[in-house]
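Secondary and tertiary structure notes
The residues making up each chain are set out below.
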Amino acid sequence: MNVSLDWYKIFYEVAKKQNITVAAENLCISQPAVSQTIKQLEESLNAELFLRTKKGVTLTKEGEVLYSYIVVPFTLIIGASI
């Protein structure tokens, strides 16, 4: 499994915003790039992380577990860089 820290950063932003387009805008990358990264992360972890709807995305049980592991470190990293 070769997962980039950037993949987790993108996952974190999508989970926080519950919207791929908004997350892409916040990260200053294209929406297709965000979608592709989430797809790659899901394939790498062999788990579906988000349920996609017309109004956005919500975390699956697996997504909630992953988010619980990364929310504190990313909050600290982001808070430290401000």
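Calculation notes
Residues numbered from 1 in each chain as written. Predicted model: local features only at pLDDT ≥ 70, side-chain atom pairs only at ≥ 80, totals over all residues. Heavy atoms only, no water. Helix = DSSP H or I, 4+ residues; strand = E, 2+ residues; numbered from the N terminus. Rg over C-alpha atoms; globule rule 2.2 N^0.38 Å. Buried < 20%, exposed > 50% of the residue type's maximum accessible area, 1.4 Å probe, protein only. Contact = heavy atoms within 4.5 Å. Areas by Shrake-Rupley, 256 points an atom, 1.4 Å probe, with all protein chains shown as cover. Lys, Arg positive; Asp, Glu negative; His and termini not counted. Charge placed at Lys NZ, Arg CZ, Asp CG, Glu CD. Axes fitted to C-alpha atoms, helices over the stretch in contact; angles between N-to-C directions. Parallel < 35°, antiparallel > 145°, perpendicular 65-115°, else oblique. Left-handed = near helix turned anticlockwise from the far one by under 90°. Nonpolar A, V, L, I, M, F, W, Y, C, P; charged D, E, K, R; others polar.

1. A word on the overall build of the protein chain
Within the protein chain, the secondary structure is distributed over 4 helices and 2 strands. Computed over C-alpha atoms, the radius of gyration of the protein chain comes to 12 Å, within 12% of the 12 Å expected from 2.2 N^0.38 for 82 residues, which places it in the range of a compact globule. In terms of overall dimensions, the protein chain has a C-alpha envelope of 30 × 25 × 20 Å along the principal axes. Counting all 82 residues of the protein chain, 34% fall into the buried class. For the protein chain, restricting intrachain contacts to residue pairs at least 6 apart in sequence, the fraction spanning at least 24 positions comes to 52%. Carbon together with sulfur atoms contributes 56% to the accessible area of the protein chain, which is approximately 5,400 Å² in total. Side-chain charges of the protein chain comprise 8 positive and 8 negative groups, with the mean position of each set lying 6 Å from the other.

2. Examining unusual backbone geometry
Of note in this structure, C28 is not a glycine but carries a positive phi near 60 degrees. Here C28 lies in the loop between α2 (20-27) and α3 (31-45). In this structure, N46 is a non-glycine residue whose phi angle is positive, near 55 degrees. Examined against the element boundaries, N46 turns out to sit in the loop between α3 and β1 (50-53).

3. Looking at the environment of L41
Looking at the secondary structure, you find L41 in helix α3. The buried category is assigned to L41, whose relative accessible area is 0%. Separated by 29 residues in the primary sequence, L41 and I70 place their C-alpha atoms 14 Å from one another. If near-sequence neighbours (up to four positions away) are discounted, L41 is found in contact with V3, W7, Y8, F11, L49 and L66.

4. Notes on the packing of helix α1 (residues 5-17) against α3
Their axes nearest at 9 Å, the elements α1 and α3 cross at an angle of 110 degrees. Viewed along their axes, α1 and α3 adopt a mutual orientation that is roughly perpendicular. The crossing of α1 and α3 is left-handed. The residues of α3 that touch α1, namely those facing W7, Y8, I10, F11 and V14, are V34, T37, I38, Q40, L41, S44 and L45. Along the lines of polarity and charge, the residues of the contact of α1 with α3 split into 9 nonpolar, 3 polar and no charged.

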